[in-house]
Amino acid sequence: MRYLTAGESHGEAITGILEGVPANLEINPKDINRELTRRQGGYGRGGRMKIENDLIDILSGIRGGKTLGSPITLQIKNDDWENWREVLAPFGDCGYDQDEVKIKKEDKIKRVEPKVTKPRPGHADLAGALKYNQDDLRNILERASARETAIRVAIGAIAKVLLKELGIEVTSHVIQLGSVALEGYQTDFDKIKTKSAQSQVRCVDEDVTKKMIAEIDDCKEKGDSLGGIFEIRTTKLPVGLGGHVQWDRKLDGQLAQVLMSIQAIKGVEVGLGFEAAKQPGSQVHDPIFYDEQFFRESNNAGGIEGGMSNGEPVVIKAAMKPIPTLYQPLSSVDLETKEEFKASVERSDVTAVPAASVVGESVVAFELAKACLEKFGGDSIEEIKDNYNNYLEMLEQR
Ligand SMILES: Cc1cc2nc3c(=O)[nH]c(=O)nc-3n(C[C@H](O)[C@H](O)[C@H](O)COP(=O)(O)O)c2cc1C
Ligand SMILES: C=C(O[C@@H]1CC(C(=O)O)=C[C@@H](OP(=O)(O)O)[C@H]1O)C(=O)O
């Protein structure tokens, strides 16, 4: 299973092509739209989320509510496009004859947008403009924007449907926002799922939620921004997803890569993570027991040993840096004049850790679904479930 995404933040739409989904998987668009709504939420987001009402369009690969095994084309229209079409239209101001290139009337340039030339520290702006030889930073920032994560969440929603057929679920919660941390939280999967959904910042504790909101308000007033940490948890996984035999088959490596690919994610920890480096082995490794089946009483490994799922839930954290666009901008240098200026200010979120946690769930769900297909491969969901059940029966003999 693989996918590609396309689209600019304020362009007409964000698109994804997902290939390798088995046939006969029942997809309800509500399952995708629910995830899109979850991603749009979270205290601390800026004005854009009031404009957008993300809904999925499915253009191929599904018939009568079931997947066909063929590529699935997914699209989310950008409602903000109406405010940007004259600036971003593919042929709007290029001087081509309208009939020749079939320029839509609405796209004929009316509004001349000054070039964006003051790169924002922490964004793709400067490196992208130099690398792609651009003199307008908009040509970089539109694609670098985390708007793209909307379609990754739609793709993740399909992966979640596939995982659910195998009894696997993925959830997440925010465990740190700026300086406010959630300490000693309970670990029950269902509680995390329910309680995080009730919190405006996707934190399972009401008092900590209030403190996080207060910190966001304070930060907004100062024109500053915040990062944080979210944790992804799964239900118990079957033993043996991923593999120890080759570097690129290792499940922990694959999960770290997809989480690091989310805009603004700067660190990933599996299980105890960095904490494990400070403690002796006797306090870190999870002793093995047997009572009709192998089991552990602790999960410091975060459900992965030797690059493979070990039968426990996967527990993985990701750290997000503070949003780089600042309403009190940092110093920057104008791309054209080389004069020192304050960086450009684009409308922006104060924090997006709750939204990023939903994106994190989605990319992890995709990677786990991919690992399941590699292990229990088949072209229809029935074939995959047969293979899965045979494997589980084989494990029961051990
Ligand atoms: C859900 C989400 C929303 C984001 N919203 C903003 C935003 O409003 N303003 C901003 O400057 N950066 C925002 N970012 C972060 C930038 O997209 C990101 O920092 C930038 O693309 C540079 O990539 P890097 O941080 O991975 O180096 C957001 C990230 C995510 C995941
Ligand atoms: C549009 C989304 O997030 C955007 C991500 C983003 C960035 O620079 O990454 C900047 C902001 O864009 P805008 O300037 O249009 O408000 C966010 O709103 C979204 O999450 O759907």
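Everything numeric in this text was worked out from a predicted model, so none of it was measured. (Residues numbered from 1 in each chain as written. Chains lettered and ligands numbered in written order. Predicted model: local features only at pLDDT ≥ 70, side-chain atom pairs only at ≥ 80, totals over all residues. Heavy atoms only, no water.)

(A) View of the site of ligand 2. Taken together, His10, Arg39, Arg45, Arg48, Met49, His123, Ser145, Ala146, Arg147, Arg347 and Asp349 make up the full set of residues near ligand 2. Measuring from an oxygen atom of ligand 2, one finds a side-chain N or O atom of arginine 48 at 2.9 Å. Protein chains shield 90% of the accessible area of ligand 2, which is 470 Å² for the free molecule. In this structure the site holding ligand 2 corresponds to the largest pocket. In terms of residue class, the shell around ligand 2 is made up of two nonpolar, three polar and six charged. (Near = heavy atom within 4 Å. Polar contact = N/O pair within 3.5 Å; in protein donor to acceptor, adjacent residues only side chain to side chain. Areas by Shrake-Rupley, 256 points an atom, 1.4 Å probe, with all protein chains shown as cover. 1 Å grid on protein atoms, 1.4 Å probe; cavity = no way out; pocket = protein on both sides within 12 Å on 5 of 7 lines; lining within 4 Å. Sits in = over half its atoms within 2 Å of the grid points. Nonpolar A, V, L, I, M, F, W, Y, C, P; charged D, E, K, R; others polar.)

(B) Region of interest: the environment of lysine 266. Position of lysine 266 relative to the elements: it lies in strand E10 (residues 265–270). In contact with lysine 266, not counting residues within four places along its chain, are Met260, Ala319 and Lys321. (Helix = DSSP H or I, 4+ residues; strand = E, 2+ residues; numbered from the N terminus. Contact = heavy atoms within 4.5 Å.)

(C) How the structure looks around the nonpolar core. Judged by nonpolar contacts, the single largest core of 78 residues is most densely connected at Ile32, Leu74 and Phe230. When residues of this core are assigned to their parent elements, the largest contribution, 14 residues, is made by helix H12 (residues 353–376). Among residues more than four places away in sequence, those in contact with leucine 74 are Ile14, Thr15, Gly16, Ile32, Ile56, Asp57, Ile58, Ile151, Ala154, Ile155 and Ile158. Among the nonpolar cores identified, the runner-up in size contains five residues, and Val116, Ala129, Leu137 and Leu335 belong to it. (Core = buried A, V, L, I, M, F, W, Y, C linked by side-chain atoms within 4.5 Å. Buried < 20%, exposed > 50% of the residue type's maximum accessible area, 1.4 Å probe, protein only.)

(D) Layout of the sheet that holds strand E3 (residues 56–60). Spatial ordering of the open sheet is given by E1-E2-E6-E3, a layout of four strands whose pairing is antiparallel. Of all strands in the sheet, those with a lone pairing partner are strand E1 (2–6) and E3, marking the two edges. Across the sheet, the mean angle from the axis of one strand to that of its neighbour is 20°, orientation sign disregarded. Relative to strand E2 (residues 13–19), E1 runs antiparallel, the two sharing five bridges. Bridge assignment links leucine 4 to a residue of E2, and that residue is isoleucine 17. In the packing of helix H7 (residues 149–165) onto the sheet, the strands contacted are E1, E2, E3 and strand E6 (72–77), and the crossing angle to E6 comes to about 140°. (Pairing = 2+ DSSP bridges. Axes fitted to C-alpha atoms, helices over the stretch in contact; angles between N-to-C directions.)

(E) The arrangement of the UniProt feature "binding site: NADP(+)" (unreviewed entry) in the protein in detail. Under the UniProt annotation, "binding site: NADP(+)" (unreviewed entry) lies at Arg39 and Arg45. Those annotated residues that line the largest pocket are Arg39 and Arg45. For arginine 39, the location among the structural elements is in helix H1 (residues 29–40). Given the relative accessible area of 2%, arginine 39 is considered buried. Discounting chain neighbours no more than four positions away, the residues touching arginine 39 are Arg45, Met49, Asp54, Ala146, Arg147, Thr149, Ala150, Val153, Ala355, Val358 and Val359. In this structure, arginine 45 sits in the loop between H1 and helix H2 (48–51). Contact partners of arginine 45, with chain neighbours within four places excluded, come to Arg39, Gln40, Asp349, Thr351, Ala352 and Ala355. Among the polar contacts made by the side chain of arginine 45, one reaches the main-chain carbonyl oxygen of arginine 39 at a distance of 3.5 Å. (UniProt positions renumbered as here; feature names shortened; annotations may be inferred.)

(F) Fine view of the packing of helix H10 (residues 251–260) against H12. Two elements in contact, H10 and H12, have axes whose closest approach is 9 Å; the angle formed by their N-to-C orientations is 145°. Like other packed secondary-structure pairs, H10 and H12 cross with a definite hand, here right-handed. Residues Leu251, Gln254, Leu255, Val258 and Leu259 of H10 touch H12, and the partners they reach there are Gly360, Val363, Val364, Glu367, Leu368 and Ala371. Partitioned by chemical class, the residues of the contact of H10 with H12 number eight nonpolar, two polar and one charged. (Left-handed = near helix turned anticlockwise from the far one by under 90°.)

(G) Spotlight on the environment of glutamate 297. In this fold, glutamate 297 is placed in the loop between strand E12 (294–296) and strand E13 (304–305). Since its relative accessible area comes to 65%, glutamate 297 is described here as exposed. When the C-alpha atoms of glutamate 297 and aspartate 286 are compared, they prove to be 7.2 Å apart, with eleven residues separating the residues in sequence. Those residues within four positions of glutamate 297 in sequence are excluded, and the remaining contacts are Pro287 and Phe289.

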